[in-house]
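Working through the structure, step by step
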Amino acid sequence: MKRMCLVVLAAIALAGCGDQDAGKPGPNADGRLGTPSDVVSALQPLPDGGLLFAERTTGRIRRLDADGAPKETVATVGVSSSGQRGLLGLARDARGRLYAAWTDRDARLVVGRVLPDRHLVWRGPATSKLGVGGRLALAPDGRLVIGVGDLQRHGRISDPEAPNGKLLALDVDAPAGQRPRVLSGGWTNPFAFAFTPSGDLWVADNAIGGARERLARGDMGTAADVTELPPVTAPSGLAALSDRELVLCGYVSRELTVYAIGAGGRARRAGPPVARGCALGVVRLSDGRLAYATSNAVKIIDAP
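First things first, this report covers the structure right here in the doc.

Rules behind the numbers
- Residues numbered from 1 in each chain as written.
- Predicted model: local features only at pLDDT ≥ 70, side-chain atom pairs only at ≥ 80, totals over all residues.
- Heavy atoms only, no water.
- Helix = DSSP H or I, 4+ residues; strand = E, 2+ residues; numbered from the N terminus.
- Buried < 20%, exposed > 50% of the residue type's maximum accessible area, 1.4 Å probe, protein only.
- Contact = heavy atoms within 4.5 Å.
- Areas by Shrake-Rupley, 256 points an atom, 1.4 Å probe, with all protein chains shown as cover.
- Polar contact = N/O pair within 3.5 Å; in protein donor to acceptor, adjacent residues only side chain to side chain.
- Pairing = 2+ DSSP bridges.
- Axes fitted to C-alpha atoms, helices over the stretch in contact; angles between N-to-C directions.

1. Focus: the overall build of the chain
For the chain, the count of helices and strands is zero helices and 26 strands. Buried positions account for 57% of the 304 residues belonging to the chain. Within the chain, counting contacts between residues at least 6 apart in sequence, those at least 24 apart form 47% of the total. For the chain, the accessible area works out to roughly 11700 Å², and carbon and sulfur atoms hold 50% of it.

Put into structure tokens, the structure is as follows:
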């Protein structure tokens with residue numbers, strides 16, 4: 001694995017690559033995602049090999065070029081940022097329209113188009129400090145998919161009318177009061193998910209206490225062929241390397257690990273970590289490299 005570059009976002013300066021995650025925060029007392037020191041909360045690849053990144057607590061969306069050099073702020077949203085709230089997800093369609101998910105000043109989870117114009121896609125539920133979810137992805141059919149955590153109301157996960165613990169599909173052109181389509185439910189905090197090249201949706205569920213952390217298909221109603229993750233993982237990012245390989249980022253483990261999808265549709269860990277220091281997200285860039293967020297930086301490496 002060749003480490004390509006390290007961009008230290010806290011100081012917005014380009015530094016040499018290394019193996020240590022300087023300034024790495026520890027997990028919250030309950031082991032969930034998010035600390036006040038988190039800077040990068042979402043990554044979005046660009047066609048030119050660069051990427052966009054979201055700053056959770058400031059609501060800023062900024063750009064890095066293909067060489068890892070920091071560029072301008074492209075958009076800003078007003079956020080509430082206590083606990084795990086803030087700017088949480090990014091997605092971009094083939095027309096270059098940029099979408100974001102964040103907790104607004106009223107602490108509600110919302111999804112909106114932020115470039116080239118503004119449009120509120122969905123005004124979601126009131127949030128809690130933990131278990132918010134908020135990661136976004138663009139589905140092959142053009143809809144947006146958002147993961148919603150249990151919002152610290154675990155009993156509502158089984159309620160089909162509640163968004164808690166579900167992956168939801170949104171029409172990007174519908175009014176903000178639209179009723180999302182439920183793709184799957186039964187999750188604790190489906191913060192890490194990704195589509196494979198052929199369009200299968202996979203999700204790694206973040207959990208606390210005695211709840212299982214799981215990796216499974218997220219587009220089949222409920223999790224069927226489940227892979228249990230190591231209990232110290234706290235999955236916080238997922239990217240598809242191919243139809244048969246996923247790479248998983250763990251907030252507590254701080255490992256970037258490949259999982260192979262078998263013929264029966266179940267994933268299994270494939271060898272030792274390919275990188276360390278990953279905290280809040282991983283994406284595959286347009287040139288095939290991987291970008292992942294540490295607590296204060298974005299690292300770009302060759303794909304395994």
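There is more to say, and it comes next.
2. What to know about the side chain of Gln-84
When you line up the elements, Gln-84 lands in the loop between β6 (70–76) and β7 (87–92). Only 2.9 Å separates the side chain of Gln-84 from the backbone nitrogen of Gly-131, close enough to count as a polar contact.

3. Some details on the environment of Cys-249
Mapping Cys-249 onto the fold places it in strand β20 (residues 245–250). A relative accessible area of 0% means that Cys-249 is categorised as buried. Taking the C-alpha atoms as reference points, Cys-249 and Gly-281, separated by 32 residues in sequence, lie 6.3 Å from one another. In this view, Cys-249 contacts Ala-234, Pro-235, Ser-236, Gly-237, Glu-255, Leu-256, Cys-278, Ala-279, Leu-280, Gly-281 and Val-282; residues no more than four positions away in its chain are not counted.

4. Details of the sheet that holds β6
The four strands lie next to each other as β3-β4-β5-β6, forming an open sheet whose pairing is antiparallel. Edge positions in the sheet fall to β3 (40–45) and β6, since each of these pairs with one other strand and no more. Pairwise comparison of adjacent strand axes, ignoring direction, gives a mean angle of 25° for this sheet. Two strands pair when backbone bridges link them, and strand β4 (residues 51–55) and strand β5 (residues 60–64) are joined in this way by four bridges, in the antiparallel orientation. Bridged to Ala-54 within β5 is Ile-61.

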